[in-house]
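# Structural overview
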2 protein chains.
Amino acid sequence: MIIAIGLYSGFTTLDAIGPYQVFSTVPGAEVVLCAAETGTLDDDHNLMHLRVDATFADVPRPDILLIPGGPASLALARDSAPIVDWVRNAHPHTRWTASVCTGALILGAAGLLDNRPAATHWHFYDELAKYGAQRTEERIVIGDRIATGAGSSAGIDLALTLVAEFAGPELAQGIQLALEYDPEPPFDSGSPSKAAKPIVDTVSFMIDAFEKEYSRAVVRD
Amino acid sequence: MIIAIGLYSGFTTLDAIGPYQVFSTVPGAEVVLCAAETGTLDDDHNLMHLRVDATFADVPRPDILLIPGGPASLALARDSAPIVDWVRNAHPHTRWTASVCTGALILGAAGLLDNRPAATHWHFYDELAKYGAQRTEERIVIGDRIATGAGSSAGIDLALTLVAEFAGPELAQGIQLALEYDPEPPFDSGSPSKAAKPIVDTVSFMIDAFEKEYSRAVVRD
């Protein structure tokens, strides 16, 4: 079983690493981190520098394919970057094609979410709707071989759910135990319906600013 | 504010990345990934290859210092590796010295946990007790400038708690919202008191085997 996580510079680290940590604990699974080109990828804060040894062309037929989110995903989806083609061509052969956060935009650009409910980061519901997806506030949407998760941390819940689907609930429970995933968030502020309004507004502003800053940096390079 | 995350080959990725993701979202904080030497570090599955540009010597006085866990941490703690000296020398000057999972063993080896309650991965309570720490099943222990978290995923809860301590609860709530950390684990199996006994036994066996496999690999290199 090959599990491919498709990366790009400007991805959000936790979006990729939550599922990575769950999948890399599945006995017999080969997890492959891949990108359009081999080399070093920088995350959205340009603080994490990850060496990637496989290209999309090296992994044309993964059993599980997952795309993390990140500020760069918006432009990649709009511009039909190579990652979009990879998803489109690989999807007919996968057992599961999945996304975390704004990774759903790339699945959408590949035509996978038309008229389907799909989860994404709460700040990007409207952006995802542009690709024909139906709006939902669900944390995880499991459809016909397509699984989408909400913002960053939802990737852990998503990956455990997929492991239960393809390898059975006992293994998923074991991995959950191995990672001691018995969450105790210090606040009840993890979704816009639960957080205080001023905090939602501030975070929305910060996300927009971050995305613009990021887009400028991409253009400048 | 400098937040240093001290790494080593054989670390568990999520242990580092959960806190990394939270801390890198703190405005004005400089997050530094550092190790004994610069270069590429491999995680415990040898699937993640991270470029690290700073050494411990480059970050002698971080405001926040955090050590993730991983199978290599046991040997590093026992052998008083350079990471132990770094923690010992930096700790008197930090605002918080913290660990996730078996990273607590390194804090213990540095003499920080003597006669203190400290959290660690549930499978390593006895190992941590060798360093004088008091056994506790808490997910997070916040003491006098020392904060310890349980297994891997506890790093997210730990880091949000620390942000609330040093920057206030509003920012911590905002980061929790930005990462959409409103967990919905698919099972209630994230701690040994909640998981079924056969699953606890199987995971314990797998962790022991993984650790031995890892130790062999280290010796062979």
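As recorded by an unreviewed UniProt entry, chain A carries the name DJ-1/PfpI family protein and is attributed to Nocardia pulmonis.

This paragraph deals with the overall build of chain A. Scanning chain A from N- to C-terminus turns up eight helices and nine strands. Considered along the principal axes of its C-alpha atoms, chain A spans approximately 45 × 40 × 35 Å. Within chain A, contacts between residues separated by at least 24 positions form 65% of all contacts whose residues are at least 6 apart in sequence. A total of about 8,300 Å² of accessible surface is found on chain A, and carbon and sulfur atoms cover 50% of it. Charge-centre separation for chain A: the mean point of 15 positive side chains lies 6 Å from the mean point of 29 negative side chains.

Moving on, we get to the UniProt feature "domain: DJ-1/PfpI" (unreviewed entry) in chain A. Mapped onto the present numbering, the UniProt feature "domain: DJ-1/PfpI" (unreviewed entry) falls at residues 3-164 of chain A. The distance separating the terminal C-alpha atoms of residues 3-164 of chain A is 15 Å; by composition the span is 30% helix and 22% strand.

The next subject is the environment of Thr38(B). Residue and element names in this part refer to chain B. Considering the arrangement of structural elements, one finds Thr38 in the loop between strand S2 (30-35) and strand S3 (39-42). In this structure, the C-alpha to C-alpha distance between Thr38 and Val52, residues 14 residues apart in sequence, is 5.3 Å. If we skip the residues at most four places from it in the chain, Thr38 touches Val52, Asp53, Ala54 and Thr55.

Take the sheet that holds strand S6 (residues 64-67) of chain B next. Strand pairing in a sheet relies on backbone hydrogen bonds, with the paired strands running either antiparallel or parallel. Residue and element names in this part refer to chain B. Ordered by their spatial adjacency, seven strands build an open sheet running S5-S2-S1-S6-S7-S9-S8, and the pairing between neighbours is mixed. Edge positions in the sheet fall to strand S5 (54-55) and strand S8 (140-142), since each of these pairs with one other strand and no more. Its contacts with the sheet place helix H1 (residues 13-23) against strand S1 (2-6), S2, S6 and strand S7 (96-100), and it is angled at close to 155° to S6. The sheet contacts of helix H3 (residues 82-90) involve S1, S2, S6 and S7, and relative to S6 the element is tilted by about 150°.

On to the pattern of salt bridges. What the rule picks out here adds up to 18 salt bridges over all chains. Salt-bridge contacts for Glu127(A) lead to Arg78(A); the nearest nitrogen and oxygen are separated by 3.6 Å. Here Glu127(A), found in helix H5 (residues 125-129), pairs with Arg78(A), found in helix H2 (residues 73-78); they are 49 residues apart in sequence, far enough to count as distant. Linking Arg88(B) and Asp85(B) is a salt bridge whose minimum nitrogen-to-oxygen distance equals 2.8 Å. One end of the pair, Arg88(B), and the other, Asp85(B), are both in helix H3, three residues apart, so they sit about a helical turn from each other.

Right, let's talk about the relation of the copies chain A and chain B for a bit. Note that the two copies of the chain are related through a rotation about an axis and a translation along the same axis. Least-squares fitting of chain A to chain B yields an RMSD of 0.0 Å, with the transformation described by 0.0 Å of translation along the axis and a rotation of 180°. What we have between these two chains is a two-fold relation. Identified as the residue of chain A closest to the rotation axis by C-alpha distance is Leu50(A), at 2.4 Å. Take the interface residues of chain A: 100% of them recur as interface residues in chain B, which is what a same-surface contact looks like.

Calculation criteria
- Counting from 1, residues in each chain are numbered in the order their sequence is written.
- Throughout, the order in which chains and ligands are written sets their labels, letters from A for the former and numbers from 1 for the latter.
- Predicted model: local features are reported for residues with pLDDT of at least 70 only, side-chain atom pairs are reported and counted for 80 or more only, and whole-chain, interface and lining totals are derived from all residues.
- Side-chain measures were taken over the full set of non-hydrogen atoms in the model, leaving aside hydrogen atoms and water.
- A helix here means a DSSP run of H or I that spans at least four residues, while a strand means a run of E at least two residues long, and both kinds are numbered starting from the N terminus.
- Working rule for contacts: check all heavy atoms of both residues, and any pair within 4.5 Å makes them a contact.
- Where accessible areas are quoted, they stem from the Shrake-Rupley method and a 1.4 Å probe; at the residue level, only the protein chains shown are allowed to cover.
- Charge counting treats Lys and Arg as positive and Asp and Glu as negative, with His and both chain ends excluded.
- The location of each charge is read from NZ of Lys, CZ of Arg, CG of Asp or CD of Glu.
- UniProt positions are given in the numbering used here, feature names are shortened, and annotations may be inferred rather than shown by experiment.
- Paired strands are those between which DSSP finds at least two bridges.
- Axis definition: a line fitted to C-alpha atoms, over the contacting stretch in the case of helices. Angles run 0 to 180 degrees between N-to-C directions.
- The term salt bridge refers to a pairing of a side-chain nitrogen on Lys or Arg with a carboxyl oxygen on Asp or Glu at a separation within 4 Å.
- Only residues with pLDDT of at least 70 in both copies contribute their C-alpha atoms to the least-squares superposition of the copies.

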